[in-house]
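Understanding the architecture of this molecule
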Amino acid sequence: MLQKIQETADFLRTKISTNPKTGIILGTGLGNLVTQITDKTEIPYQTIPNFPVSTVEGHSGKLIVGKLGNVDVLAMQGRFHYYEGYDMKDVTFPVRVMKALGIDTLLVSNASGGVDPNFEIGDLMIITDHINLFPEHPLRGKNFPELGTRFPDMSDAYSKELIEKARQIAAKHKIKVVEGVYVGTTGPTFETPAEYRYFRAIGGDAVGMSTVPEVIVANHAGIRCFGISIITDLGVPGKIVEVSHEEVQQIGNSVQPLMTLIMKELIN
Ligand code: HPA
């Protein structure tokens, strides 16, 4: 793994002339932020050695390096999901590469189903914490001290400092944000009503199929994280209706400019 990370980082260094410190991972249909990146270099995943290739509809699958405002960023448009069949080392490989390239802050976005009865469809949720329900842990197996410690602390997995800044940015622009705990589960099924109730009962506010593996590995690597979830449907008793991937993308599309604004200002 160490050799693969170096190989991929070396390849990317030949493609980019800047040293971004900020990484971004954009979720399902949430590529709007890249329209704000200037001086862009785009690197399709399939041209990057050792990178898995994304297969889900709505993910164009490329690395984009450029400037967001005044800041150099490295953005992933499209991520690798566990439900696609990758193992956790593949899902989180890009985060390892980001670290090797000097990234120290990671912003992630996703679409999720709200289980907090106070949430509404289209809400932006600042992720304050997560619950990992994936059946495979990305750090299982031999630990390489070069990459991080064996038993990483997760008490500040989502940087409190960045959360506070994001709150202030949202308030300044009068953007409604909610906050909560993201439950990460494998999918690809959306939840049964009983499963939504279960995720609420264990302390979740939203449930989705991503983010947790990347944030775990980022924390292992000493990268501070910030996450926003777009609530695209509700798993709340009485409000549960049929969900489809298309609807999730549609709702995501409609609110992502607000998320882009928060992320852009936060980065700057
Ligand atoms: N459940 C899981 N993942 C999701 C959902 C959901 O309801 N909505 C968007 N991603």
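Report on the accompanying structure. (Residues numbered from 1 in each chain as written. Predicted model: local features only at pLDDT ≥ 70, side-chain atom pairs only at ≥ 80, totals over all residues. Heavy atoms only, no water.)

**Points about the overall build of the chain**
Helix and strand content of the chain: seven helices and nine strands. In terms of overall dimensions, the chain is globule-like: its C-alpha atoms have a radius of gyration of 17 Å, near the 18 Å expected for 268 residues. A total of 268 residues make up the chain; the buried ones form 54% of that total. As presented, the chain carries roughly 11500 Å² of accessible surface, and 51% of it is formed by carbon and sulfur atoms. Where the 25 positive side-chain charges of the chain centre and where its 30 negative ones centre are 6 Å apart. (Helix = DSSP H or I, 4+ residues; strand = E, 2+ residues; numbered from the N terminus. Rg over C-alpha atoms; globule rule 2.2 N^0.38 Å. Buried < 20%, exposed > 50% of the residue type's maximum accessible area, 1.4 Å probe, protein only. Areas by Shrake-Rupley, 256 points an atom, 1.4 Å probe, with all protein chains shown as cover. Lys, Arg positive; Asp, Glu negative; His and termini not counted. Charge placed at Lys NZ, Arg CZ, Asp CG, Glu CD.)

**Here's the deal with the side chain of Asn110**
In this structure, Asn110 sits in strand E5 (residues 105-114). Judged by relative accessible area, which is 1%, Asn110 ranks as buried. A distance of 2.5 Å separates a polar atom in the side chain of Asn110 from a polar atom in the side chain of Ser229. Apart from the residues lying within four places of it in its own chain, the contact partners of Asn110 are Gly27, Leu30, Arg79, Ile127, Tyr182, Ser210, Thr211, Ile228, Ser229 and Ile230. (Polar contact = N/O pair within 3.5 Å; in protein donor to acceptor, adjacent residues only side chain to side chain. Contact = heavy atoms within 4.5 Å.)

**Re the environment of Asn132**
Structurally, the position occupied by Asn132 is in strand E6 (residues 124-132). Polar contacts involving the side chain of Asn132 include one to the main-chain amide nitrogen of Phe134, which spans 3.1 Å.

**What about the packing of aromatic side chains?**
Under the counting rule described, the total for this entry stands at seven aromatic pairs. Where Phe80 meets Tyr86, the ring centres are 5.5 Å apart and the plane angle is 80°; that geometry is what we call edge-to-face. Given the relative accessible area of 14%, Tyr86 is considered buried. The rings of Tyr45, Phe51, Phe80, Tyr86 and Phe93 are connected pair by pair, giving a single aromatic cluster. (Phe/Tyr/Trp six-rings, centres within 6.5 Å; stacked < 30°, edge-to-face > 60°.)

**Some words on unusual backbone geometry**
Note that the residue after Gly187, namely Pro188, is joined by a cis bond; omega there is 0°. By the secondary structure assignment, Pro188 is in the loop between strand E7 (177-184) and helix H5 (193-201). Positive phi, normally seen in glycine, also occurs at Asn50, with a value near 75°. By the secondary structure assignment, Asn50 is in the loop between strand E2 (37-44) and strand E3 (62-68). Notably, Lys174 is not glycine yet its phi reads approximately 55°, a positive angle. Among the structural elements, Lys174 can be located in the loop between helix H4 (160-172) and E7. For Lys174, a relative accessible area of 76% translates into the label exposed.

**Some details on the pattern of salt bridges**
The tally for this structure, following the rule as stated, stands at 14 salt bridges. A salt bridge links Glu214 to Arg79, with the nearest nitrogen and oxygen atoms 2.7 Å apart. Here Arg79 lies in the loop between strand E4 (71-77) and helix H2 (88-91) and Glu214 lies in helix H6 (residues 212-220), a separation of 135 residues in the sequence. The same class applies to Glu214 as to Arg79, namely buried. Sharing partners across several salt bridges, the network here consists of Asp116, Arg200 and Asp205. (Salt bridge = Lys/Arg side-chain N within 4 Å of Asp/Glu carboxyl O.)

**Remarks on the environment of Ala157**
Mapped onto the elements, Ala157 comes out in the loop between E6 and H4. When the C-alpha positions of Ala157 and Pro145 are compared, they lie 19 Å apart, and in sequence the two are 12 residues distant. If sequence neighbours within four positions are ignored, Ala157 has contacts with Val215, Asn219 and Cys225.

**Looking at the nonpolar core**
It is characteristic of soluble globular proteins that their nonpolar side chains tend to be buried jointly. Formed by 77 residues in total, the largest nonpolar core has its most connected members in Ile24 and Phe226. Val115, Val183, Tyr196 and Phe199 belong to the second largest nonpolar core, which has five residues in total. (Core = buried A, V, L, I, M, F, W, Y, C linked by side-chain atoms within 4.5 Å.)

**Regarding H6**
Counting buried residues in H6 gives nine out of nine residues, a clear majority hidden from the surface. At the exit of H6 stands Gly222, carrying a positive phi of roughly 80°.

**Let's talk about the site of the ligand**
The immediate surroundings of the ligand are formed by Ala111, Ser112, Gly113, Phe190, Glu191, Tyr196, Val207, Gly208, Met209, Thr232, Asp233 and Val248. In this structure, Gly113 approaches the ligand through a main-chain N or O atom, which is 3.4 Å from a nitrogen atom. Glu191 has a polar side-chain atom sitting 2.6 Å from a nitrogen atom of the ligand. For the ligand, whose unbound accessible area comes to 260 Å², protein coverage reaches 96%. With three residues, E5 is the single largest residue contributor to the shell around the ligand. Its residues assigned to classes, the shell around the ligand comprises six nonpolar, four polar and two charged. (Near = heavy atom within 4 Å. Nonpolar A, V, L, I, M, F, W, Y, C, P; charged D, E, K, R; others polar.)

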